[in-house]
Amino acid sequence: MAGANMSGDLKNPSFSIPVGTLGACLFTFVIYAVIMLFTGLTCSRSLLHNNYNYMLYINVWHPFVTIGVLCATLSSALSTLIGASRVLQAVSQDNLFGFVLRPFSIMKGSKRDNPIYALLLSWIMVQAIIIIGELNTVAPYVAMFFLLSYSMVNLACFALCVASTPNYRPTFRFHSWHTALLGFMCSVAVMFFINPLAAGLAIGAGILLFVIVSVIGPATHWGEVSQGLIYHQVRKYLLRLDIRKRHVKLWRPQVILTV
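Residues numbered from 1 in each chain as written. Predicted model: local features only at pLDDT ≥ 70, side-chain atom pairs only at ≥ 80, totals over all residues. Heavy atoms only, no water.

Another aspect to go through is the nonpolar core. In terms of nonpolar packing, the biggest core is built from 7 residues, these being Met144, Leu147, Leu148, Met191, Ala198, Ala199 and Ala202. Elements with a contribution of two residues or more to this core: helix H7 (135-163) and helix H9 (196-216). (Core = buried A, V, L, I, M, F, W, Y, C linked by side-chain atoms within 4.5 Å. Buried < 20%, exposed > 50% of the residue type's maximum accessible area, 1.4 Å probe, protein only. Helix = DSSP H or I, 4+ residues; strand = E, 2+ residues; numbered from the N terminus.)

Here the structure, examined in full by the defined rule, presents 3 aromatic pairs. For the pair Trp61 and Phe64, a centre-to-centre distance of 5.0 Å together with 90 degrees between the ring planes defines the contact as edge-to-face. Look at Phe146 and Tyr150: their rings are 6.5 Å apart centre to centre, the planes differ by 45 degrees, and that puts the pair in the tilted class. Residue Phe146 and its partner Tyr150 are both found in helix H7; the two are separated by 4 residues, about one turn of the helix. Since its relative accessible area comes to 32%, Tyr150 is described here as partly exposed. (Phe/Tyr/Trp six-rings, centres within 6.5 Å; stacked < 30°, edge-to-face > 60°.)

Turning our eyes to something else, we now look at the environment of Val91. Residue position: Val91 is located in helix H5 (residues 63-93). As for Val91 and Phe104, which are separated by 13 residues in sequence, their C-alpha atoms are 9.0 Å apart. Contact partners of Val91, with chain neighbours within four places excluded, come to Leu96, Phe97 and Leu101. (Contact = heavy atoms within 4.5 Å.)

Rendered as structure tokens:
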């Protein structure tokens, strides 16, 4: 999602996002598989079960592991922080929550028009969570919102596929409504598998935000998928009407307006 959140900065997002995402997933999978294989072949079972920092003791140079952990942590933190600020900026610019988030749509103090105020708010929220001190307690709830965003993306793709929206033409050859639905179901299943309470709270928060935006949100002009679904269903049933099966019991007046 980091690439999608910063798609506005990419020269060719339709190419860079899928290639970068799939390449990163493949590279990460290979690295994890190699580490799993090598440590399984060289380390004892008791070491793997009882020492989470076993890599420090089997590495050629101990600081390598610390440097790697710091680099991975900083990279993940920066990408998430910048991506969150861009999402907050987009929500503010769309005026979905009115004047509450309007100041965070301002872009000042940067040559590249970065959302400084949104970035500061995201940083403050991250620091507030870190101050809690018990990251293992907070981590399940953070993971729930990540999985919730993944599930909503898959659900949106599924709805667009089912609605046969003309402007939705993904170039990924293996994409279909089956894969989108499978991704949505898997994301929700993993949420409840990790922590049912946190999953329920995250879904409840998502539903609450959806209701708030639907009730107090302004009229939008980018097209809602719900209207696409309604149009698709109406068109489908209109095409299924058979003039040969008309009956007087089913008659309704049809008003013709001449202009």
